[in-house]
Every structure is written in C-alpha cells, then in structure tokens.
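Below, each chain spelled out in residue letters.
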Amino acid sequence: MIYQAEQLSVTLLEDGIAELKYDAKGPVNKFDQATLQALTEAVKVLQTNSDIKGLIQTSGKGAFIVGADITEFLDLFKLPDAELLGWLEQANAVFNAIEDLPYPTISAVNGHALGGGCEAILATDFRVADTTARIGLPETKLGIMPGFGGTVRLPRLIGADNAVEWITAGKDYKAPAALKFGTVDAVVAPEILRDAALSMVKDAIAGKLDWQSRRAQKQAPLGLNKIEATMSFSTALGMVYAKAGKHYPAPTAAVKAVEAAARMDRTGALGVEAATFIKLAKTDAAQALVGLFLSDQALKAGAKKAAKAGKATNKAAVLGAGIMGGGIAYQSAVKGTPVIMKDINDAALDLGMATASGLLTTQLKRGRIDGTKLAKVISSITPTLSYNSVDEADIIVEAVVENPKIKAAVLAELEDNVSADTVITSNTSTIPINVLAKSLKRPEQFCGMHFFNPVHKMPLVEIIRGEKSSDETIATTVAYAAKMGKTPIVVNDCPGFFVNRVLFPYFFGFSKLIADGADFVAVDKVMEKQFGWPMGPAYLLDVVGIDTGHHAAAVMADGFPERMAKTGKDSIDVMFDATRYGQKNGVGFYSYAKDRRGRIQKTPDAKSYELLAEVASEKADFTKDEIIARCMIPMINEVVRCLEEGIVATPGDADMALIYGIGFPPFRGGVFRYLDTMGLDKYIKLADSFADLGPLYQVTDGLRQRAADGKTFY
Ligand code: NAD
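A quick note: this is a predicted structure, and the numbers were derived from the prediction, not measured.

## Considerations on the pairing of strand β5 (residues 105-109)
On a regular strand, one side chain projects to one face of the sheet and the next to the other, so that they alternate.
And then number 1: With five of five residues buried, β5 lies mostly within the body of the structure.
And then number 2: Judged by which residues are buried, β5 turns out to be covered on both faces: T105, S107 and V109 on one side and I106 and A108 on the other are all buried.
And then number 3: The pairing of strand β4 (residues 54-59) with β5 spans three bridges and is classified as parallel. Paired with I56 across the bridge in β5 is I106.

## Details of the domain arrangement of the protein chain
And then number 1: Considered domain by domain, the protein chain is made up of domain 1 (3-282), domain 2 (313-489) and domain 3 (499-709).
And then number 2: Computed from C-alpha atoms alone, the centre-to-centre distance between domain 2 and domain 3 is 30 Å.
And then number 3: Taken together, the contact between domain 2 and domain 3 spans eleven residues of the former and ten residues of the latter.
And then number 4: Surface buried jointly by domain 2 and domain 3 totals about 850 Å² across both partners, of which 70% is contributed by carbon and sulfur atoms.
And then number 5: The largest per-residue losses of area from domain 2 upon contact with domain 3 belong to T430, L460 and I489, which jointly make up 50% of the total buried on that side.
And then number 6: Breaking the side of domain 2 that touches domain 3 down by element, the ones donating at least two residues are β17 (460-465) and β18 (487-492).
And then number 7: Taken together, the residues that form the side of domain 2 that touches domain 3 break down as five nonpolar, four polar and two charged.

## Re the environment of V502
And then number 1: Turning to its location among the elements, V502 is positioned in helix α20 (residues 499-515).
And then number 2: The exposure class of V502 is buried, given its relative accessible area of 0%.
And then number 3: Taking C-alpha positions, V502 is 7.9 Å from P634, a pair spaced 132 residues apart along the chain.
And then number 4: Discounting chain neighbours no more than four positions away, the residues touching V502 are M635, E638, V639, C642 and L658.

## A few points about the side chain of Q57
And then number 1: Along the chain, the position of Q57 falls in strand β4.
And then number 2: Within the local environment of Q57, its side chain forms a polar contact with the backbone oxygen of A120, the two atoms lying 3.4 Å apart.
And then number 3: The contacts of Q57, once residues within four sequence positions are left out, are L20, Y22, F64, I98, I106, S107, A108, A120, I121 and T124.

## Observations concerning the pattern of salt bridges
And then number 1: Applying the stated criterion across every chain yields a total of 39 salt bridges.
And then number 2: We note a salt bridge from K78 to D75, for which the minimum N-O separation is 3.8 Å. Residue K78 and its partner D75 are both found in helix α2 (residues 73-78); the two are separated by three residues, about one turn of the helix.
And then number 3: On the accessibility criterion, K78 (60% relative accessible area) is exposed.
And then number 4: Since its relative accessible area comes to 55%, D75 is described here as exposed.
And then number 5: In this structure, the salt-bridge partner of R214 is D185, at a minimum N-O distance of 2.2 Å. A residue pair is termed long-range when its members are at least 10 positions apart, and R214 in helix α9 (residues 211-219) and D185 in the loop between α7 (175-181) and β10 (186-188) qualify at 29 residues.

## Quick word on the confidence of the model for the protein chain
And then number 1: For the protein chain, per-residue confidence averages 96 on the pLDDT scale, and 100% of positions sit at 70 or higher.
And then number 2: Two summary scores accompany this predicted model of the complex, namely pTM at 0.92 and ipTM at 0.98.

## Structural notes on the site of the ligand
And then number 1: As a structural note, the neighbourhood of the ligand is formed by 22 residues, with M324, D343, E402, K407 and S429 the closest of them.
And then number 2: In this structure, I323 approaches the ligand through a main-chain N or O atom, which is 3.1 Å from an oxygen atom.
And then number 3: Between the ligand and E402 there is a distance of 2.4 Å, counted from an oxygen atom to a side-chain nitrogen or oxygen.
And then number 4: Within the complex, 79% of the 830 Å² of free accessible area of the ligand lies under protein.
And then number 5: Those elements giving two or more residues to the shell around the ligand turn out to be α14 (323-334), α17 (404-416) and β16 (446-451).
And then number 6: Grouping the amino acids of the shell around the ligand by side-chain chemistry returns ten nonpolar, eight polar and four charged.

## Considerations on the packing of aromatic side chains
And then number 1: For the structure on display, the rule yields 30 aromatic pairs.
And then number 2: Relative to F589, the ring of F520 has its centre 5.4 Å away and its plane inclined at 55°; by these criteria the two rings are tilted. Of this pair, F520 sits in helix α21 (residues 520-531) while F589 is found in the loop between α25 (571-577) and β19 (590-594), placing the two residues 69 residues apart along the sequence. In terms of burial, F520 and F589 fall into one category: buried.
And then number 3: Measuring from ring centre to ring centre gives 6.2 Å for Y539 and Y590, while their planes differ by 75°; the resulting arrangement is edge-to-face. Residue Y539 is located in helix α22 (residues 537-544), and its partner Y590 is located in strand β19; the two are separated by 51 residues in the primary sequence. For the pair formed by Y539 and Y590, the shared burial category is buried.
And then number 4: One cation-aromatic arrangement involves K342 over Y387; the distance from NZ or CZ to the ring centre is 4.6 Å.

## As for the packing of helix α27 (residues 624-644) against helix α30 (residues 680-688)
And then number 1: Relative orientation of the contacting elements α27 and α30 amounts to 115°, with a least axis distance of 10 Å. As for the relative orientation of α27 and α30, their crossing is left-handed in sense. Residues A629, I633, I636 and N637 of α27 form the contact with α30, whose participating residues are Y683, L686 and A687.
And then number 2: Grouping the constituent residues of the contact of α27 with α30 by class yields six nonpolar, one polar and no charged.

About the thresholds
- Residues numbered from 1 in each chain as written.
- Predicted model: local features only at pLDDT ≥ 70, side-chain atom pairs only at ≥ 80, totals over all residues.
- Heavy atoms only, no water.
- Buried < 20%, exposed > 50% of the residue type's maximum accessible area, 1.4 Å probe, protein only.
- Helix = DSSP H or I, 4+ residues; strand = E, 2+ residues; numbered from the N terminus.
- Pairing = 2+ DSSP bridges.
- Domains from an automatic or database assignment.
- Contact = heavy atoms within 4.5 Å.
- Buried area = accessible area lost by both parts, 1.4 Å probe.
- Nonpolar A, V, L, I, M, F, W, Y, C, P; charged D, E, K, R; others polar.
- Polar contact = N/O pair within 3.5 Å; in protein donor to acceptor, adjacent residues only side chain to side chain.
- Salt bridge = Lys/Arg side-chain N within 4 Å of Asp/Glu carboxyl O.
- pLDDT = per-residue confidence, 0-100.
- Near = heavy atom within 4 Å.
- Areas by Shrake-Rupley, 256 points an atom, 1.4 Å probe, with all protein chains shown as cover.
- Phe/Tyr/Trp six-rings, centres within 6.5 Å; stacked < 30°, edge-to-face > 60°.
- Lys NZ or Arg CZ within 6 Å of the ring centre and 35° of its normal.
- Axes fitted to C-alpha atoms, helices over the stretch in contact; angles between N-to-C directions.
- Left-handed = near helix turned anticlockwise from the far one by under 90°.

This is how it looks when you write it as structure tokens:
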C-alpha cells in the first residue's frame, strides 16, 4: 500500500502497476469533499512514485462511484462564486493530473459510475466495464451540469452529438449501450473485470494499445469545422429547448457550454464549463431540484425503516376490480407481490384482468418484459367472487365504490373473513379514515392507502393515519407501497387528506376567477406556460372528472365550511348540471375527440362559454400575475395550514406529495420551497392584497409569525 485514506487507497502491484481503489467506509463510494481531498493526495503519490508504469482505477464496492455527495450541494451552491470555482478547480486539477500521468491509465467500472463517478472514469485513457455497469451524467436533472470535466471529455471521446444526448437526457446507460457509444472500450463479466483491466494496462505498457493518442484526443479541440458545429449545435439546442422548456435552463446551458468550448483546448474548455456550472448552481431551479432529490431520499430512507418496523407483505388482496382496484392489482403483481382481486361482479373481474393484461402487453411490445414475465405476472393475480382465499393476504386494499354505507358494510364483512393480524386499508378518496374505522373491530389494523389514477403511472400513495391506526399498521402499509414501486407519504386524517385538501382551494380560486369574468382557456394557458403546471385547472378538472370533482368539492365544503362553503353556484356546478363530466364523456370545459393518430385532443367549446355565462360576470382581463396569485394563494395557504395542523409531517413531505400527486412544477420545488424562494414577507404582502376575495386568501398567523421571526421552511 503506497497510499491509504478512509475513502481510497493506492497499492503497487506486480509489474509496476498501481491500483487506485475507491472503497469508502460507508455503503457506497461517492465524490464528496473528503474523497476529493484524499484523491488529491493519492495523485501526488501516483505522480512521484517512479516505480509505477501503469494505473488501474477500481472500486471495492458493488458500484464504482455513485456520484457527488448531493447532501453537500445546497451549502456548496450558496458559496461565493470564487469559492465555488475553487472547488471545481480542485476537482479539475486532480482529474487533469490523472489524465496527465506519465503512463497508461484504465478504469474498471462496475455498477453505477454517475456524475463525478463518470467524470472520474473519463479522466483515464481507457475504460473497461462489467455487465453491471450503469454510466451517466445526471446533473441536468438537478438543474446543474457536469462540473468535473464531463462536458469537456465526453464530447471529445464520443462526439458532440452523442455527448449532448448523454448530458441533456441525464439518464444512465447500461454497459452495452455505453460500449456502442464508445464511452467504454470493452464489456466483460463481473468476475473477470479486474483481470481484464490489468491485461489492458499491460498491453498499453507494452505498446500494444496506443494510449497516447487516446489521451491526445480527449485534450484536443473538438474535430468539427465551423459549419458542422453550427449545424450540430443549433439542431441540438432547438430539440433540447423544446423538451426542457424555459423553466429548466440547465440542459440548454450545457449544450451552449459544449458549443462555446468546441474549439478550445482543455484549459479553456474547463473554464467555460466551470463558469456555466456556477451560473446554474445559483438558479432557483437548481436549488429546487436538488432540494427535491434530498426530500425524495429522505422518503426512501423512511420507507426502508418502515420495511424493518412493519410486517412483510408476501401476498395482498384488493376488494373491487374497478378502475382503481384493477390498477392496484396490476401494480402489486408486476412488482412481485401476488394479489387476490375480489369483486361481486364477474364482468368487473374480467375487466380488471383485461386492464392488467393490456398494460402487460404494452410492456411486452415495448420490449420491457418478455412473455415469461407476462405470464408470471398475470398468473399472480387471482380473480375471485368469494372471500375464501382472501385471508391468505397480509394486507388488503379496499377499492369498492365511493359510498360510505357500502364501504362500512364491506369493511366489516371483510374483517370477519380475515385473521386478526391482517392489515386492512381503504383507497377512499373522500371518506375520513376515522369514520370508516368505526365499522371495524380492530381499527388499529386499519389505515388509508390513497392511490392516484392511473395507478401504474402516478408515483404517490398517501398513507392516511387514523386516530387508532397502530405504528405497525402504518409501517406495513408504507413498506407495501414502496414494494409496489410507489412513493408513500404518511399524512394524518382530515377531509380530503392532504392532496385533495390543498387541491380544492386551488379549484375554488379558479372558479372565483371565472365568476369574475376570466376566460378558462386563458387561465389554463397562464397556469401551464407561466407557472408550469402540466395542466391548467379547467383541463385538470376535466381529466379528474367533473362528477368526481363536484362530489369532492361538496365534501371539502362540509369539512371546512369556514373557508370552503359554497356561496352560490360555481363553474364546476354548471358543468356538472349539464352532465359535462370532462374527458370521460367527451365534454367538460373543453370538448374531446381523438385525432388521426388516436390521441385524445381537447378544443375549447363554445357551449362551455354559453353555459358559464350563468355564473360569470362580464368578460374581464386579468394579468398573468393576477391569474397565478388568485389560483395559487388558496392552495398555498391551505398547504401551510396542513403543516401547522400536523396533517403533513414536514415541508419536504408536503412538497413531494404535491409534485408526485398533482404534478406541482418540480423546478419550483413545491409550495414551501416556492415560498422560501419568493420570501415570506413578499408572499404575505401579495396574499394580503387579495384578502378581500375571502377566507381562502387569509394568511395564517403562524406564517406571519414565521416571517416576523425571519425563518424559512428549509
Ligand atoms: P369503480 O366504480 O371503477 O369500481 C368499483 C368496483 O367495486 C366495481 O367493480 C364494483 O363491482 C366493485 N364493488 C362494489 N361493491 C363491492 C363489494 N361489496 N365487494 C367487492 N367489490 C365491490 O370505482 P373506482 O374508480 O375504481 O373507485 C374505487 C375507490 O377508489 C373509490 O373509493 C374511489 O373514491 C377511490 N379512488 C378513485 C380514484 C379515481 O380516480 N377513480 C382515485 C383515487 C381513489
């Protein structure tokens, strides 16, 4: 051993080959500041030890290096530009030093080599990967871009077009794809990875592999003439901008940086990269996206803890084979938990099975699963009309019609047919869990498990803790939701739970705007294009279903009459009364028809305006800012109330639920990050200027106090 630190070591092997091995004390190797410091010292040894003739870079873990330590990012990004540059320059100096070593260098890549891990392997002359390798530069997904030479070395290695694809998509590539692109030079079986790297480095030392020309290629300007460069980069920029949009500046900034540095040497190109990185690190989008990543990690850690505290689900059951029950059964089965699907209606069971097999066939056509997997998943869903086998399930999701009496009867009957330790959950969207719990003898074994439609696509599951739900019940349910590939967020019981409780004030804000003469198409456009929602409120109501929305609005009005009681007929009532239920029956605020490619398209419908005239005053114009404020303030205030009342545990949980449950724009980071970014004083002033619109626009005392104390949420 010629160098040893907590994160890595250097050993001199036989034949003058040095092995730089990343093997940190924790479960994974990551590029945190301590690792960078250790690598800086290790490289000095590599530079000065005259016995070394070649280097292999390896990992002692199941993955090479998973990336930078993202928990350090938010603090790092707050540093003054010069200090941030110092951090980037230290990393660049160490990777340059590896690239400049006076002998051939090879990385042996296993598992993930992402971000800084990918940039570490780009510094060596060659890369050999094993079949477990997954390589990529995910930085643009976090609102930044590679900062340790990724935008400089990758384009020079695999070509500008390919590198732009890697950098802007931010995804990771499996070993065969990486080989095809030329990011790695060979792919081998895991058990021979190290030997393959050793044999390559020996070949390079013996002059059988031209490592010097490989190295020169990575350090030279890109081999594109001016016309080629213009063509290539302007096409890429157009495509990337069309996909990322104006709210996500990182992908386009990365393309521009690669372009600006195309004719530069390594030093110049790294300078462009660092300058762009620093600009991006200071954007609100980077703060928001990094914050979300950290909140997501916290939720994943919580789910892991729950898996230990709760009971394992080896078999599940779902009652009701409708839209939701069928989706839940499919999701459970496809993620490896066999499921019994019970209904009272044979036709519903057939439909539930047909839904599952339709989803699986799509996966098969896309090459994501094979026939064997399809057959295995289908055979793990057992349709039944009786309770006979339901007691084999460790957990049961009730998803029958949304009727309190039916649900109460079904839950009581179910409880009598299962063993004492079975966990029972309900997928109700509006009935309080504490109300449903009253029909059960073992309410401690019961909680809410609120999925979103369509189940296979929507990542969030709200786990609703009733007054009597036990910790073990919650843990078991959280663990099952995570096993289904979903993100569970635990909330306390209240009308609408968390997501619908905060969504409906937004709809009420929208309805009031319509009542005051706004055009629903204009409102949707502002909320989508300016604020960044995937759908504006009118469109979202149509997709959710006006009948569902109408019913839920009444539940919310009952639950929170002081803020949400109706003062008269509103736009949702108008659509409901005209049986315009939205996408499901082809007409709502918009009308819907399939285009030539079979995709449903919406068009504004003159009839809607005619009908809305009953509840709307003279057409009036509102500025974009007014539209955003009038829709968002009711939602924001309600989100704040939910935190103050303990409905959600943390700002991070609330923000993740908003993003995963209703598509709150990720670049804004959720309501709490949005408030922190805007500044609480500024928000309160804005909300107060709309206070005459009613109680939904009243800021809580808690928020005023927080602002007065100069506190933020994160
Ligand atoms: P659905 O009408 O499509 O399906 C309900 C199914 O329950 C039907 O197949 C019916 O035959 C069956 N059923 C009725 N009584 C039964 C009984 N005693 N035992 C077994 N099965 C019985 O309804 P859905 O949209 O799937 O909704 C189901 C639940 O999920 C409701 O509580 C709803 O509020 C909730 N939910 C719905 C959505 C959504 O967007 N559809 C979203 C979240 C939650």
